[in-house]
Amino acid sequence: MRTWPRRTALGRCAALLALTVAALTGCSDAGQLHDAGVTRPVTVHPSPQLLWPAAAVTPSPAAAPPTDQPPPAALPGVTAATGDLRGLDAATVLAHDPGLPEDERAALAGCQGCELRPAQYRDLGGDGRPELITAVVTAAHHAYLHVYTARDGQVFPVLAQSVLAGFTADTAGTELVVHEPNGPDSQTDTRYGWRSNRMLVTDRQIKGTGPTATLCAPTAPAPRPTADPSEDDGSPRRGAPQPAVSAVPSRSAPSAAPVRPTS
């Protein structure tokens, strides 16, 4: 009895089964790609997104230099023999200034909450000689900014300006820049430059500093239309609130017991 055909059929079935297993499991030889299962999700960190653009700077017309203003008078009783103000005490210079108001003089005499800012020396005239810059804060939180210069051994007040409390100042070349806070969302930047024989305003800008500086004022919302009861046909209207749908799944009926076949 011949068994060759049966053995051949069995061999073909085994080869087909091996090919099927290889196709399902993939090739796992070294250097080959294979499926390692579901990969872990990649965490992407969000990048910053700008909410509002930078606040625009609104320039204001600078005050025209007055033409009829007399030159400043020298302070009585104070001299700068060498022409260098760095050898003078700022409190002494201020005490000899007849233009100081009474609250500023009281602050110089010493009071609770008063402050005399340390003197700073910067060349604002462009002649190589530094000017004296100082400020006084009174008990009522009023601030006064002062600049003095020396000419021919005498001391001259070239700037006396009342500024807002909380101000800051810096110099840019020969210009003095004063920053005054107007509130949480804006500040005023004023530039002072040398004009003839004193320092005057050359530019003033109001700059937004808060996140709502560029936002428009809120407007009242438009009234919503009133539905006509006679047109209510029971169907939901466009824009009308829809009833909430419960997210709790409904319980399904129990399935019937399987029927066992009888032998």
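Our subject is the structure that appears above.
The structure contained in this document is the topic of the report that follows. (Residues numbered from 1 in each chain as written. Predicted model: local features only at pLDDT ≥ 70, side-chain atom pairs only at ≥ 80, totals over all residues. Heavy atoms only, no water.)

## What to know about the overall build of the chain
Broken down by element type, the chain carries three helices and ten strands. Helices and strands appear in the chain in the N-to-C order α-β-α-α-β-β-β-β-β-β-β-β-β. Among the 263 residues that make up the chain, the fraction classed as buried is 21%. Intrachain contacts of the chain at a sequence separation of at least 6 include 43% that bridge at least 24 residues. (Helix = DSSP H or I, 4+ residues; strand = E, 2+ residues; numbered from the N terminus. Buried < 20%, exposed > 50% of the residue type's maximum accessible area, 1.4 Å probe, protein only. Contact = heavy atoms within 4.5 Å.)

## A closer look at the environment of Arg 198
If you trace the backbone, Arg 198 turns up in strand E10 (residues 198-208). Along the chain, Arg 198 and Val 158 lie 40 residues apart, while their C-alpha atoms are 4.4 Å from each other. In terms of polar contacts, Arg 198 uses its side chain to reach the backbone carbonyl oxygen of Pro 70, at 2.6 Å. (Polar contact = N/O pair within 3.5 Å; in protein donor to acceptor, adjacent residues only side chain to side chain.)

## Quick look at the state of the cysteines
The full count for this structure, using the stated rule, is one disulfide. Paired through a disulfide, Cys 111 and Cys 114 show a sulfur-sulfur distance of 1.5 Å. Torsion about the S-S bond of the Cys 111 and Cys 114 cystine: about -50°, corresponding to left-handed handedness. Assessed through its relative accessible area of 33%, Cys 111 is described here as partly exposed. (Disulfide = S-S within 2.5 Å.)

## Notes on the pairing of strand E8 (residues 175-181)
Most of E8 is tucked away, with five of its seven residues classed as buried. As paired elements, strand E7 (residues 168-172) and E8 share five bridges and run antiparallel to each other. Residue pairing for E8: Thr 171 is matched across the bridge by Leu 176. Hairpin connection between E7 and E8: a loop of two residues separates the two successive antiparallel strands, and Gly 173 in this loop has a positive phi of roughly 70°. (Pairing = 2+ DSSP bridges.)

## Focus on the nonpolar core
Counting 16 residues, the largest nonpolar core has Leu 145, Val 147, Leu 176 and Met 199 as the members making the most contacts within it. Ranked by size, the runner-up nonpolar core spans 15 residues in total, among them Ala 80, Ala 90, Val 93 and Leu 132. (Core = buried A, V, L, I, M, F, W, Y, C linked by side-chain atoms within 4.5 Å.)

## A word on the pairing of strand E5 (residues 143-151)
Judged by how many residues are buried, E5 sits mostly within the fold: eight of nine residues are covered. Across six bridges, the pairing between strand E4 (residues 131-137) and E5 is antiparallel. Among the inter-strand pairings, Val 137 is bridged to a residue of E5, identified as Ala 143. Here nine bridges tie E5 to strand E6 (residues 154-163), and the two strands are oriented antiparallel to one another. Note that in E6 the partner of Tyr 144 across the bridge is Ser 162. In textbook terms, the turn of a hairpin is the stretch between consecutive antiparallel strands, and for E5 and E6 this stretch comprises two residues, one of which, Asp 152, has a positive phi near 55°.

## Observations concerning the packing of aromatic side chains
In the structure shown here, the tally under the stated rule is zero aromatic pairs. Seen from the ring of Phe 156, Arg 151 lies directly overhead, with NZ or CZ sitting 4.3 Å from the centre. (Phe/Tyr/Trp six-rings, centres within 6.5 Å; stacked < 30°, edge-to-face > 60°. Lys NZ or Arg CZ within 6 Å of the ring centre and 35° of its normal.)

## Some words on the pattern of salt bridges
Overall, the coordinates contain five salt bridges when judged by the stated rule. Close ionic contact of Glu 115 with Arg 117 constitutes a salt bridge, the shortest N to O distance being 3.1 Å. Relative accessible area serves as the criterion here: at 27%, Arg 117 is assigned to the partly exposed category. Across the pair Arg 191 and Glu 175 runs a salt bridge whose closest N-O atoms are separated by 2.8 Å. With Arg 191 in strand E9 (residues 186-195) and Glu 175 in strand E8, this pair connects stretches of sequence that are 16 residues apart. (Salt bridge = Lys/Arg side-chain N within 4 Å of Asp/Glu carboxyl O.)

## Quick notes on unusual backbone geometry
With a phi close to 55°, Asp 152 is a non-glycine residue in the positive phi region. Within the secondary structure, Asp 152 is located in the loop between E5 and E6. The exposure class assigned to Asp 152 is exposed, which follows from its relative accessible area of 79%. In this model, Ser 196 sits at a positive phi of 60°, which is unusual for a non-glycine residue. You can see Ser 196 is positioned in the loop between E9 and E10.

## Some thoughts on the environment of Thr 82
With respect to the element layout, Thr 82 can be found in the loop between strand E1 (57-60) and helix H2 (90-95). On the accessibility criterion, Thr 82 (70% relative accessible area) is exposed. Taking the C-alpha atoms as reference, Thr 82 lies 9.7 Å from Gln 154; in sequence the two are 72 residues apart.

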